[in-house]
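Reading the structure
Chain residues, written in single-letter form:
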Amino acid sequence: MSTKKIWFDKQDDETLEQCVERIQGLGYSVVARREKPQFEQVGEEYIPIKQQTQFQGVKNS
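Predicted model only: the values in this text are computed from it and were never measured.

Read from one edge of the open sheet, 3 strands run β1-β3-β2, paired in antiparallel fashion. Looking along the sheet, the strands with just one partner apiece sit at the ends: β1 (5-9) and β2 (28-42). Across this sheet, the average inter-strand angle for adjacent strands is 30°, counted without regard to direction. One ladder, built from 5 bridges, connects β1 with strand β3 (residues 45-59); its direction is antiparallel. Within the sheet, the bridge partner assigned to aspartate 9 lies in β3 and is glutamine 54.

In structure tokens form, the structure reads like this:
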């Protein structure tokens, strides 16, 4: 029996709670969270512009 895991991105216009509710509404349980920085290159430098939050969901059986 395999479990299906998917990473969900938090949208810019939703809160963390709204994102978790959306994931649960699709039939998944949240099992992990990660944050990845987003950078923009300005000249020779990379400037952080935002933090992308992702949740990993496992399909409910």
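Further remarks concern the pairing of β2. Along a regular strand, successive side chains alternate from one face of the sheet to the other. The pairing of β2 with β3 spans 14 bridges and is classified as antiparallel. Note on β3: the bridge partner recorded for phenylalanine 39 is proline 48.

About the thresholds
Residues numbered from 1 in each chain as written. Predicted model: local features only at pLDDT ≥ 70, side-chain atom pairs only at ≥ 80, totals over all residues. Heavy atoms only, no water. Pairing = 2+ DSSP bridges. Helix = DSSP H or I, 4+ residues; strand = E, 2+ residues; numbered from the N terminus. Axes fitted to C-alpha atoms, helices over the stretch in contact; angles between N-to-C directions.

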